[in-house]
2 protein chains.
Amino acid sequence: MGHDKQAVRRVLDAVLAEGRSALTAPEGRTLCDAYGIPAAAEGLARSAEQAVLLAADIGGPVALKIVSPEILHKTEAGCVLTGIEGAQNVRAGYETILDRARRYDANATLTGVQVQQMITGGHEVIIGATTDPTFGKVVAFGLGGVLVEVLEDVTFRMAPINASEARGMLGDIKAAAVLRGARGAEPVDAAGLAGVLHRLSALVTDFPEISEFDLNPVFAAPSGAIAADVRVLLDPDGARRPRRRSREEILRAMNKLMRPASVAVIGASNEDGKIGNSVLRNLADGGYGGRILPVNPKADTVLGHRAYRSIGDVPGEVDVAVFAVPAKFVPAALEECGAKGVAAAVLIPSGFAETGETALQDEVVAIAEKHGIRLLGPNIYGYYYTPHDLCATFCTPYDVRGGVALTSQSGGIGMAILGFSRTTRTGVSAIVGLGNKSDVDEDDLLAFFEQDEHTKCVAMHLEDLKDGRAFVDAARRITRTKPVVVLKAGRTELGARAASSHTGALAGDDKVYDDVLRQAGVVRAPGLNDMLEYARGLPVLPTPQGENVVIITGAGGSGVLLSDACVANGLRLMDVPPDLDEAFRRHIPPFGAAGNPIDITGGEPPRTYEETIRLGLRDPRVHALILGYWHTIVTPPMVFAELTARVVAEARAEGISKPVVASLAGDVEVEQASDHLYDRGVVAYPYTTEKPVAVLGAKYQWARAAGLLD
Amino acid sequence: MGHDKQAVRRVLDAVLAEGRSALTAPEGRTLCDAYGIPAAAEGLARSAEQAVLLAADIGGPVALKIVSPEILHKTEAGCVLTGIEGAQNVRAGYETILDRARRYDANATLTGVQVQQMITGGHEVIIGATTDPTFGKVVAFGLGGVLVEVLEDVTFRMAPINASEARGMLGDIKAAAVLRGARGAEPVDAAGLAGVLHRLSALVTDFPEISEFDLNPVFAAPSGAIAADVRVLLDPDGARRPRRRSREEILRAMNKLMRPASVAVIGASNEDGKIGNSVLRNLADGGYGGRILPVNPKADTVLGHRAYRSIGDVPGEVDVAVFAVPAKFVPAALEECGAKGVAAAVLIPSGFAETGETALQDEVVAIAEKHGIRLLGPNIYGYYYTPHDLCATFCTPYDVRGGVALTSQSGGIGMAILGFSRTTRTGVSAIVGLGNKSDVDEDDLLAFFEQDEHTKCVAMHLEDLKDGRAFVDAARRITRTKPVVVLKAGRTELGARAASSHTGALAGDDKVYDDVLRQAGVVRAPGLNDMLEYARGLPVLPTPQGENVVIITGAGGSGVLLSDACVANGLRLMDVPPDLDEAFRRHIPPFGAAGNPIDITGGEPPRTYEETIRLGLRDPRVHALILGYWHTIVTPPMVFAELTARVVAEARAEGISKPVVASLAGDVEVEQASDHLYDRGVVAYPYTTEKPVAVLGAKYQWARAAGLLD
């Protein structure tokens, strides 16, 4: 269906020309018509006789409502009549409404009376669009009525959405079963309903000055969906968009930043305890292979490296300048970096926007923009890029190379990342502090990590996004091939925001983040420790090829808890086919339980674990294994760990690569056994049935979003 | 209001005498009247003229419904007419219904036609009672309508409930705000609604043969609550109750079991690797101070202890016999124990009900009952009671004494308890395996732990309860003084149960457990690791005296995550009064943030942590502290740990005892710092903002349920 953009343009131009921000109902109806959104039949009557003709045309009972730019609360003014039928009643109603309107506001312009088809039947739903401060235009869908308002059962997507996303929204509310026809009712016209969402998304995308759009209620019936009421608000500033760099431009700078051939340290110092001393020492101790260039106006060498009075004195190109000077000295030094042609500046110092020094930060950003320098920070611990042994931070070096890149907005969380990674020997490609995000932010890093062959997974702690749309664009690209885990801090409602539309009032800050991050294919971690565990585990696990998960356990008790965890993490226990069930039964005692979980029972020898695990790995219908180990004398922890690692390695050698996770219940030896397994690609934990399943669940969540399981 | 039990008795006796299990609507109405449950006015008409008179009496439109024991699906039979008004219409309606009933079932007894008041207005709610396999009579409350059925927003309590519990149920559904008057509506008559719940609870308690009772819908309005439809089902067997021991009887036996003066080991062995060898070795190595009595028909001594051919040969009394012989030898040996007067038998062997050998288990239980022996197990690892250095298990001894008693139904989970406790040095009073629970179960243990001065907190893993009411009784008693944490495994729905009532259909297995455990004052742990962490932390934390929680953090990023965790765990961040805010501000930098969280900012010296923590401890309006530490050079981890432990100890010396928990973000040194704090009464974790707050939340949940915060 074509969209009549000109018709919309005409209405909006006229409204804006009159200095109005709210559309009248007939104007809203025109917008709906132009984009093929079914709305109740209606018309504007400028006389009682016109109203009678319109009502006759529409047929059946009608609603009468005042149309006046000044009267926004029509019901309060007594200017809404419903269920009016018959010429005489319509005529009387028309006069009543005008009369009440005049008494309500003697100065109001009374454009006329809206005569509208009464719609009933079907389920009341709300479809709307609002302008989110982070993500811009978002569309919303929920069931109408007081219950849903109380239960806040609503779902959001960043606009524009495609037809499949629109369809997905219908199933994404908790009460979705109502639409599918609960208790034997006929299902509603899902295609029609999704079509309304899809078209509304196109409309607000084409006309960004539409700030709010409520279709409330929409009556969804088996025969179709039709909006009974339309409410539209404009914001002439809504069309503005933040500046965007091209992908090429971003990648050029980010590759200089993350893989520099030379790093200068502004404020490098020989004095122990100074940040400029720690940074230089870490660069050198970390084994960085590029040129290390201390800048210090008073020293000839710093820690044995030839030093320069200023960055301008450095011979050759400088890719990165790490700032280890107090905030007040940053602008002048950054000017010198600009003159030198430095590609990126890493601003460790605090004392900028986070302490209220916004003007100083703005000044620094302006200097950087003038010279085309990208800024990381300020107010950060620095960053690591292990493939180049780059450790440009005042924290201690980190050298366990691996596939996960971690970033944090907060320094405290950055330190937790470092400590956790070190103690768990997590293989890391990069750790990056973002701090105040005066320039480089999460989407720049995602662009880099997407094309970085060393990074297999990204985990990000963030409190806000500067440009939510840029983040979503970058996340959608990278998550096709690599999982992205996000810890979004600040779940608490920001309190009631000044919402002038119904949709806006439903758009709690965290709910929009939650839905849009999922839309972008991102796995949201519920807490800090979850983010860290997902980061550690996701690059270790192979990508599953399907949804069939099998639990093999030596302890029935663990099996029950592992099943609970599967439900909690959206994993599907395989309905084991009879031949496979039979095959499993051959390896387990007669009183063991096949089915799923497969309870091999306690007290079994290593061979029982080995054969059942091998069977699960080799059968192509099984896509992932969850193992529950129970510490016994017959199969001690390390025996279990070694046999499991061996069987998994054998299968991988044969080209069979399936995710395997394990929960080890036992005395303290299970800790060493878990480490042994983790180091060999089996995500294993002692004393918990939840964590291994949660990590597997995160891998599945990503794989589904990336379309790898269809 | 009095209850007319005789009226109910007459109806039930008459129905049961006729061999019916379903009450007719008028019979149901009689039950309501007898217990003061308001129900729609109605009467039974045996002629059209009677119907006309009844309708005139009731006034307004009425509903007409067939009354026939054979016609249960009245609507399907076309035998329900609604909105009938006026003598002529009532008369016609009466004839129509009888006509349709005869055509539907020519052989049906047509008792007459029910003439019922039509009720509209208010919110439709459902109030019901059903018979749960675990907890017996439970009452249910939820909002009516398809939405709530889809969202399963319903709450249960074990009957009988008191008035305050009834009132609590109204607030315990997600959509509770609807009843309180969402969107400016008038609130419903909560007292009236709660009264219906309370009276229904009394009715099904007084008459256990009532198996199902639906009041659906009940119309809840500001003016009162009135049931529009009543449906009652009987089960003559519903009155049977499981056998109960008196509390004195239970305690006498449990004290013998847990604190025996002598322990015999049936099947004690000199052969390494045998269970009877491990058990005896552990008893001796664990340092048990009572008499250790090996029983072995072929040995004179076992591991240096004088052995006996049979238990009958042992001189003096034997409190406990631990069985370490194969299952088939248990009955004979247990008979000998009975002859000897042994108080309790601990059945380690497997090979009973869990492997299908139900008859053997029944035989053993019968022998025990005959002799008055209490049985622990079978199919268990044994048990520990550290105050007496008692280690009657084949697992290794455990000697960190402390306040938590842990029990598990599964051996695997028992091993996880042991390993976790050992690695975290959790102070333990008892670890008990329950296995098949042929006799001793959770309520017996709760009775013991309640009066055990060494136990401060109980944590239990369970998959089912043999006698849910006995458990709730015991839990209600002990939770007044000691927290009980339960990990209930098996959250997954057991599939649709054969439900003949609406309430029964809503009573999903886990939902009833969840509500009733909460009703009993129990803290339900969401997973195994949570249960273990709660068990470790709850005895360490003092009981809070009020709801005012304050976060003090060195890292703003942690502060946000800690706030999120407070919301997730039902904790209330204190609204810091201006004078206290001012006092905090004196210690923190001007760009720090007072309020709550109090962000002292990174890079602060130890003194800032110390003074703000001291302030929070000393101000009597603050009830609990959550600390967020950020690793810096200025305040290294152990410096933070030592100062915090010192300030907390100082406060305790002054009689100030408040729960303090901490999240440490930093490099690996924070692990040692966390241990240091934990050992000194501050529940502290590295790399997580969630866990310390979850443990504090669990403590609060218990304290609220115990009525300590009112």
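For clarity, every value in this text was computed on a predicted model and none was experimentally measured. (Residues numbered from 1 in each chain as written. Chains lettered and ligands numbered in written order. Predicted model: local features only at pLDDT ≥ 70, side-chain atom pairs only at ≥ 80, totals over all residues. Heavy atoms only, no water.)

1. Here's the deal with the overall build of chain A
For step 1, the next point in the chain: In terms of regular secondary structure, chain A is built from 24 helices and 29 strands.
For step 2, the next point in the chain: A burial count over chain A gives 60% of its 710 residues as buried.
For step 3, the next point in the chain: For chain A, the proportion of contacts with a sequence separation of at least 24, taken over those separated by at least 6, is 71%.
For step 4, the next point in the chain: Surface exposure of chain A reaches about 26,500 Å², of which carbon and sulfur atoms provide 50%.
For step 5, the next point in the chain: Separation between the mean location of the 71 positive side-chain charges and that of the 88 negative ones in chain A comes to 3 Å. (Helix = DSSP H or I, 4+ residues; strand = E, 2+ residues; numbered from the N terminus. Buried < 20%, exposed > 50% of the residue type's maximum accessible area, 1.4 Å probe, protein only. Contact = heavy atoms within 4.5 Å. Areas by Shrake-Rupley, 256 points an atom, 1.4 Å probe, with all protein chains shown as cover. Lys, Arg positive; Asp, Glu negative; His and termini not counted. Charge placed at Lys NZ, Arg CZ, Asp CG, Glu CD.)

2. A look at the nonpolar core
For step 1, the next point in the chain: Grouped together as the largest cluster of nonpolar side chains are 102 residues, with contacts concentrated most on Leu193(A), Phe213(A), Leu215(A), Leu193(B), Phe213(B) and Leu215(B).
For step 2, the next point in the chain: Not counting the four nearest positions on each side in its chain, Leu215(B) is found in contact with Cys32(B), Ile37(B), Val125(B), Ile126(B), Ile127(B), Val196(B), Leu200(B), Ala227(B), Asp229(B) and Val230(B).
For step 3, the next point in the chain: By size, the runner-up hydrophobic cluster in this structure holds 90 residues, among which are Ala624(A), Trp702(A), Val648(B) and Ala673(B). (Core = buried A, V, L, I, M, F, W, Y, C linked by side-chain atoms within 4.5 Å.)

3. Quick word on the pattern of salt bridges
For step 1, the next point in the chain: Going through the model one piece at a time under the given rule, you end up with 98 salt bridges over all chains.
For step 2, the next point in the chain: Arg425(A) is the partner of Asp679(A) in a salt bridge, and the nearest nitrogen-oxygen pair spans 2.8 Å. Of this pair, Asp679(A) sits in helix α23 (residues 669–679) while Arg425(A) sits in the loop between α13 (411–424) and β21 (428–433); the two residues are 254 residues apart in sequence, bridging distant segments of the chain.
For step 3, the next point in the chain: In this structure Arg425(A) comes out as partly exposed when scored by relative accessible area, which is 42%.
For step 4, the next point in the chain: Arg245(B) is the salt-bridge partner of Glu249(B), the closest N and O atoms lying 4.0 Å from each other.
For step 5, the next point in the chain: A single network of salt bridges, built from pairs that share partners, joins Arg157(A), Asp172(A), Lys511(A), Asp515(A) and Arg518(A). (Salt bridge = Lys/Arg side-chain N within 4 Å of Asp/Glu carboxyl O.)

4. A word on helix α10 (residues 275–285) of chain B
For step 1, the next point in the chain: By the burial criterion, the buried members of α10(B) are Gly276(B), Asn277(B), Ser278(B), Val279(B), Leu280(B), Asn282(B) and Leu283(B).
For step 2, the next point in the chain: Positive phi shows up at Gly287(B), right after α10(B), with a value of about 90°.

5. Concerning the domain arrangement of chain A
Residue and element names in this part refer to chain A.
For step 1, the next point in the chain: Once the domains are mapped, chain A shows domain 1 (5–117), domain 2 (123–234), domain 3 (246–380), domain 4 (398–539) and domain 5 (548–705).
For step 2, the next point in the chain: A straight line from the C-alpha centre of domain 2 to that of domain 4 covers 28 Å.
For step 3, the next point in the chain: In total, about 2,200 Å² of surface goes out of reach between domain 2 and domain 4, with carbon and sulfur atoms giving 56% of it.
For step 4, the next point in the chain: On the domain 2 side of the contact with domain 4, Phe135, Phe156 and Met158 bury the most area, a combined 32% of that side's loss.
For step 5, the next point in the chain: Run the count over domain 2 and domain 4 and you get 2 salt bridges.
For step 6, the next point in the chain: Scanning the region where domain 2 abuts domain 4 turns up 10 residue pairs in polar contact (both at pLDDT 80 or more).
For step 7, the next point in the chain: Among the elements of the structure, β5 (123–132), β6 (136–143), β7 (154–158), β8 (210–221) and β10 (230–234) are those that each provide at least two residues to the side of domain 2 that touches domain 4.
For step 8, the next point in the chain: Here the residues of the side of domain 2 that touches domain 4 are counted per class, giving 14 nonpolar, 6 polar and 9 charged. (Domains from an automatic or database assignment. Buried area = accessible area lost by both parts, 1.4 Å probe. Polar contact = N/O pair within 3.5 Å; in protein donor to acceptor, adjacent residues only side chain to side chain. Nonpolar A, V, L, I, M, F, W, Y, C, P; charged D, E, K, R; others polar.)

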